[in-house]
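Residues per chain are reported as follows:
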Amino acid sequence: MNNICLTTKNELCTGCGLCEDVCPAQAISIKRGVENTPTVNLKKCVNCGKCIKICPGIGCDIEFLSKNCFSDGNIKKDYYIGRYLETFVGHSNDNEIRYHSASGGVLSHFLIYLLEKGLINGAVVTKFSSSDAMYPETFIATSKEEILSAKSSKYCPVSLNGITKKILAFEGKVVVVGLPCHIQSLRKRLTFDSKLKEKIVGLFSIYCSSNRNFNAQKFLLDYYKIRREDVTKFAYRDDGCLGNMKVFVSGKEPLLNIPFIDYYGALRSFFKPRRCLSCIDHYGELADINFGDIHIAPYSNDRIGVSSIIVRNSKYRSILMQAVHENVLSIEPIPCDIVNESQKEMLYPKQRKAHALMNMDRLLHRMTPVYDKELKKPYLKDYVSEILCNCQRYVGRHPFLWFVIRILFSHKISKEYKR
Ligand SMILES: Cc1cc2nc3c(=O)[nH]c(=O)nc-3n(C[C@H](O)[C@H](O)[C@H](O)COP(=O)(O)OP(=O)(O)OC[C@H]3O[C@@H](n4cnc5c(N)ncnc54)[C@H](O)[C@@H]3O)c2cc1C
């Protein structure tokens, strides 16, 4: 099989959506569902293999590609972070941006800086759609207002289908913001698409421990008895570091305003996409810069917002320093070990758990993703954890079993808003 059916048939799709655009025969379309997945019109497929060539689902030569992309003389290497130049902690100096972004607003404010300095003409970012306040929509932002309309994290499937066609038709240079799987696919495509390479001058990734499918939104709305069509504004994270989930149905006051840490943790693994379980790329090793939270004292005591940043490319390091010099951002170097420690709960077991799942899948003669990186040997607890996670996923996929989640969820989360 020389097309993306290989990925979907083996449940390896990340839902990145980028295969749709690369198909020269328009044979692929992304289907919206609990997760977004591609479908192939086999009558149209010309068997060129481009879709599978850029697919992050089947795996990725992360080591090989990162070696080719990040070859600066001062480059360092860390097992978890990959190749990098320097790691930082910091925040936007605009308190509004800092307070209303996911972490410290460094990412959004840096995009605005790049735009205002004329270093880029657009930034590919993801906002909630104007026709459905809980559905993500990726677009090319060309103003400060548009970049800010897309601030903060979207914990639901985000597919970038259509965007590379728009970039190719766009007058000017862009940077693309995405999850590690989006970045892997784009990096693969840039190895053979020189036209796209002329347009994309930077790939920025947010860290990702794992995503959630659309059933997570459905569960939350059901639990709080809110009709999706009544939602006028929605944020997974707003108001300060980590922040709150806010749901507006009318007016200026949110109907729900729940600390992120409460509801997100309480959802456990019920709604994790399967492919996230075999992902080994927490930070986005193929991006020029990565942005994330920093869950470690003293930074975790911050209530306004603080981000951690990994820079892999000297061009972006010097622009970042310029932004600091011009008082746009406040950032300072920190050792990479602190960044890793701040992510330790999800980061340290991630590759072991992925390895455990892959071992079990191989036993069942299932196809697994292939990486050019030696993965840590799993412990027994990693196998147990993956089995438990898959049991939870089974419940999450079957709404008639959601009473189990409701019971566990209600223990964790304040019922103040329950109606
Ligand atoms: C699914 C998911 C899992 C994450 N896991 C971790 C984690 O384990 N550890 C950690 O430290 N941080 C994690 N993050 C990242 C964190 O939530 C923040 O996005 C990051 O700290 C950047 O903060 P900021 O204030 O600098 O960014 P902001 O200024 O708020 O900008 C965020 C940018 O990311 C884009 N974006 C948001 N969500 C998506 C998405 N789903 N797909 C593509 N683009 C998107 C937005 O369009 C915006 O441009 C995760 C984010 C997501 C979406």
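Before any of the text, the structure's been laid out above.
A brief report on the enclosed structure follows. Just so you know, these numbers come straight off a predicted model, no measurement behind them.

Secondary structure assignment for the protein yields 17 helices and 17 strands. In the protein, buried positions account for 46% of the 419 residues. Residue pairs in contact within the protein that sit at least 24 positions apart in sequence constitute 71% of those at least 6 positions apart.

Mapped onto the secondary structure, K381 falls in helix α16 (residues 380–397). When the C-alpha atoms of K381 and E86 are compared, they prove to be 33 Å apart, with 295 residues separating the residues in sequence.

Attention shifts here to the sheet that holds strand β12 (residues 244–248). Each strand in a sheet pairs with another by means of backbone hydrogen bonds, the pair being arranged parallel or else antiparallel. Read from one edge to the other, the open sheet built from three strands follows the order β11-β12-β13, with strand pairing classed as antiparallel. Strands with a single pairing partner mark the edges of an open sheet, and in this sheet they are β11 (233–238) and β13 (256–259). Each strand of the sheet is rotated relative to its neighbour by a mean of 10°, with strand direction disregarded. Relative to β12, β11 runs antiparallel, the two sharing four bridges. Each bridged residue has a counterpart across the sheet, and for K233 the counterpart in β12 is F248.

Turning next to helix α15 (residues 344–363). For α15, built from 20 residues, the straight-helix expectation of 28 Å at 1.5 Å per residue is met to within 8% by its first-to-last C-alpha distance of 29 Å. Remark: the principal bend of α15, roughly 45°, maps to K350. Every buried residue belonging to α15 is among K350, Q351, R352, K353, A354, H355, A356, L357 and M358, and all of these are buried. In this structure, the buried side of α15 is in contact with α16.

What follows is about the site of the ligand. Within the structure, the ligand sits among 31 residues, and S101, S108, S209, G292 and D293 are positioned closest to it. Mapped by element, the contributors of at least two residues to the shell around the ligand are α6 (106–116), β7 (122–128), β9 (174–178) and β14 (289–292). At three residues, the largest contribution of residues to the shell around the ligand is made by α6. A class-by-class count of the residues in the shell around the ligand yields 14 nonpolar, 14 polar and three charged.

Let us now look at the nonpolar core. Formed by 100 residues in total, the largest nonpolar core has its most connected members in C19, F110, L111 and A123. Counting residues per element, this core draws most heavily on α6, at eight residues. In this view, C19 contacts I4, I28, P38, C51, I54 and C55; residues no more than four positions away in its chain are not counted.

One open sheet accounts for eight strands, arranged β8-β7-β9-β10-β14-β15-β6-β16; its pairing is mixed. Sheet topology places β8 (136–141) and β16 (329–333) at the edges, where each strand pairs with a single neighbour. Taking each pair of neighbouring strands and ignoring which way they run, the sheet shows an average axis angle of 25°. By the bridge criterion, three bridges tie β7 to β9 in an arrangement that is parallel. For V124, the partnering residue across the bridge sits in β9 and is V176. The strands that helix α13 (residues 314–325) touches are β6 (86–92), β10 (200–206), β14, β15 (307–311) and β16; relative to β16, the one it contacts most, it runs at about 125°.

The next subject is the environment of A25. Structurally, A25 can be placed in the loop between α2 (18–22) and β1 (28–31). For the pair A25 and V46, spaced 21 residues apart in sequence, the C-alpha separation works out to 6.7 Å. Those residues in contact with A25, other than ones at most four positions away along the chain, are K44, C45 and V46.

Let's shift gears to helix α9 (residues 180–190). Counting buried positions over the eleven residues of α9 gives ten, a clear majority of the element. The complete set of buried residues in α9 reads P180, C181, H182, I183, Q184, S185, L186, R187, K188 and R189.

With that settled, the discussion passes to the pairing of strand β2 (residues 37–40). Relative to β2, β1 runs antiparallel, the two being bridged by four bridges. Across the sheet, residue I30 finds its bridge partner in β2, namely P38.

Moving on, we come to the environment of F204. By secondary structure assignment, the location of F204 is in strand β10. For the pair formed by F204 and I387, sequence separation is 183 residues and the distance between their alpha carbons is 33 Å. Filtering out sequence-adjacent residues up to four positions away, F204 remains in contact with L107, V175, V177, A287, D288, I289 and F291.

What counts and how
- Residues numbered from 1 in each chain as written.
- Predicted model: local features only at pLDDT ≥ 70, side-chain atom pairs only at ≥ 80, totals over all residues.
- Helix = DSSP H or I, 4+ residues; strand = E, 2+ residues; numbered from the N terminus.
- Buried ≥ 20, exposed ≤ 12 C-beta atoms within 10 Å, placed from the backbone.
- Contact = placed C-beta atoms within 7 Å.
- Pairing = 2+ DSSP bridges.
- Axes fitted to C-alpha atoms, helices over the stretch in contact; angles between N-to-C directions.
- Expected span 1.5 Å × (residues − 1).
- Bend = angle between axes of the 7 residues up to and from the residue.
- Near = placed C-beta within 6 Å.
- Nonpolar A, V, L, I, M, F, W, Y, C, P; charged D, E, K, R; others polar.
- Core = buried A, V, L, I, M, F, W, Y, C linked by C-beta atoms within 7 Å.

All we've got here are geometric facts, nothing functional implied.
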